[in-house]
Amino acid sequence: MVWNIVCDSSCDLRATDVKSESVQFETVPLRLQVGAREFLDNDQLEVPDLLQAMAAEKSASSTACPSPAAFARAFEKGERTICFTISANLSGTYNAAVMGRELTLEEYPDKQICVIDSKATAGAMVLLVRRAQALIEANPNVDFEDLCAQLRMYQASLRTCFTLENFDNLIKNGRMRPLVGTLLHSLGIHVIADATPQGTIHVADKARGEQKTYRAIAALMSASKDCAGAEVVISHCENLAGALALKEQILASLPVKSVDILSCRGLTSFYAMEKGLIVGY
């Protein structure tokens, strides 16, 4: 029995991060358009090159979701597939994956494919992948529908928050006035936001300075759910020092089980920008 876990590239895992004899793992890349240059968000993408291109480009950059055919090619590789996507309220990727499922089942009707909207991105998707892998490895013959139900319940329990200190992308895309962005940056003010249960973005707080920001994130996490025994994943965009400091604050403030740190891939770097931090828990 070949199990297949598939994500779009907003999951900050690389192919080599998932090692298993029971499960094969694949990410389907989004495309990032920066001026005349197109970046494919695969494992070979160099994030500093992307950030440098975005900083130099005066016009707004954009993203494009994978095609249904790209998902279908990934789904064909396993008898049973679990697929996690970025929030359907942020991207058309979920719909593309659902269409890819339909294309695959037309040709291979005996395959089993479950597509789950993470209603988040980054660390929350990492946690979903890890939970799916653990459940499959514990029982490779687990009932497919039962597994999907367990993963949907787990998805509903997860939360995501993030902080930004670079607002260039928001300004260029018309989502923030230039004056506001300049003031926030010059005053050292960090925007703190979280994902709603529906998968949309909500600005929750602002904090001045890094330590106040990290304390505010820990407080937001505590208010959003019972964090006892929670697993936490911090994704950072070229900001390992900040991720380590935030990890220290979370461990000191909350009764979590673990805090892992990953580097942002292309898509999450596109939105978080340099020094951005995304927390899935």
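Residues numbered from 1 in each chain as written. Predicted model: local features only at pLDDT ≥ 70, side-chain atom pairs only at ≥ 80, totals over all residues. Heavy atoms only, no water.

Colleague: Mind showing me how you'd approach the overall build of the chain here?
Modeller: Within the chain, the secondary structure is distributed over 10 helices and 13 strands. For a compact globule of 281 residues, the expected C-alpha radius of gyration is about 19 Å, and the chain comes in at 19 Å, within 12% of that figure. On the principal axes, the C-alpha backbone points of the chain span a range of 60 × 45 × 30 Å. A buried classification covers 49% of the 281 residues belonging to the chain. (Helix = DSSP H or I, 4+ residues; strand = E, 2+ residues; numbered from the N terminus. Rg over C-alpha atoms; globule rule 2.2 N^0.38 Å. Buried < 20%, exposed > 50% of the residue type's maximum accessible area, 1.4 Å probe, protein only.)

Colleague: What exactly am I supposed to notice about the side chain of Ser-269 here?
Modeller: Within the secondary structure, Ser-269 is located in helix H10 (residues 266-272). A relative accessible area of 0% places Ser-269 in the buried class. Leave out the neighbours within four places in its chain, and Ser-269 touches Val-47, Leu-51, Cys-237 and Cys-264. (Contact = heavy atoms within 4.5 Å.)

Colleague: Would you explain the packing of helix H8 (residues 210-224) against helix H9 (residues 240-253) in this entry?
Modeller: The axes of two packed helices give the description: the angle between them and the distance between them. Closest axis-to-axis distance for the H8/H9 pair is 9 Å, and the angle between their directions is 45 degrees. Judged by the angle between their axes, H8 and H9 are oblique. For the pair H8 and H9, the sense of crossing is right-handed. Contact with H8, carried on its side by Gln-211, Tyr-214, Arg-215, Ile-217, Ala-218 and Met-221, involves Gly-242, Ala-245, Leu-246, Gln-249, Ile-250 and Ser-253 of H9 and no other residues of that element. (Axes fitted to C-alpha atoms, helices over the stretch in contact; angles between N-to-C directions. Parallel < 35°, antiparallel > 145°, perpendicular 65-115°, else oblique. Left-handed = near helix turned anticlockwise from the far one by under 90°.)

Colleague: Help me understand the pattern of salt bridges, please; the structure alone is not making it clear to me.
Modeller: Oppositely charged side chains can form a pair if their charged atoms are brought close together. As enumerated under the stated definition, the model contains five salt bridges in all. Between Glu-26 and Lys-77 there is a salt bridge, with its nearest N and O atoms 3.2 Å apart. Pair noted here: Glu-26 is in strand E2 (residues 23-28) and Lys-77 is in the loop between helix H2 (68-75) and strand E6 (80-85), with a separation of 51 residues, a long-range link. Residue Glu-26 is classed as partly exposed on the basis of its relative accessible area of 23%. The class of Lys-77 is partly exposed, set by a relative accessible area of 49%. (Salt bridge = Lys/Arg side-chain N within 4 Å of Asp/Glu carboxyl O.)

Colleague: Got a minute to help me understand the sheet that holds E2 in this structure?
Modeller: For sheets, the rule is that strands pair by backbone hydrogen bonds, running either parallel or antiparallel. Taking strand neighbours across the sheet as the criterion, the four strands line up as E2-E1-E6-E7 in an open arrangement whose pairing is parallel. This sheet does not close on itself; its edge strands, each paired only once, are E2 and strand E7 (112-117). Adjacent strand axes in the sheet meet at a mean angle of 15 degrees, parallel and antiparallel pairs treated alike. The pairing of E6 with E7 spans six bridges and is parallel. Counterpart to Thr-81 in the pairing with E7 is Ile-113. Strand contacts of helix H3 (residues 93-107): strand E1 (3-8), E6 and E7, with the helix running at about 170 degrees to E7, the strand carrying the most contacts. With respect to the sheet, helix H5 (residues 144-157) is in contact with E1, E6 and E7, its orientation differing from that of E7 by roughly 10 degrees. (Pairing = 2+ DSSP bridges.)

Colleague: Looking at this model, I keep getting lost on the pairing of strand E10 (residues 201-208). Mind explaining?
Modeller: Sheet faces and side chains relate simply in a regular strand, where the side chains alternate between the two faces. In this sheet, E10 lies alongside strand E9 (residues 189-195) in antiparallel orientation, the contact comprising seven bridges. Looking across to E10, one finds that Val-191 is bridged to Lys-206. The loop that links E9 with its antiparallel partner E10 comprises five residues; one of these, Gly-199, has a positive phi angle of about 90 degrees.

Colleague: I'm lost on the packing of aromatic side chains in this one. Help?
Modeller: For any pair of aromatic rings, the description rests on two quantities: the centre-to-centre distance and the angle between the ring planes. What the rule picks out here adds up to three aromatic pairs. Ring geometry for Trp-3 against Phe-144: centres 6.1 Å apart, planes inclined by 25 degrees, an arrangement best described as stacked. Taken together, the positions of Trp-3 in strand E1 and Phe-144 in helix H5 put the pair 141 residues apart, joining distant regions of the chain. The residues Trp-3 and Phe-144 share a single accessibility class, namely buried. Note that Lys-111 overlies the ring of Tyr-108, its terminal NZ or CZ placed 5.2 Å from the centroid. Residue placement shows Arg-131 over the ring face of Tyr-154; its charged tip is 3.8 Å from the ring centre. (Phe/Tyr/Trp six-rings, centres within 6.5 Å; stacked < 30°, edge-to-face > 60°. Lys NZ or Arg CZ within 6 Å of the ring centre and 35° of its normal.)

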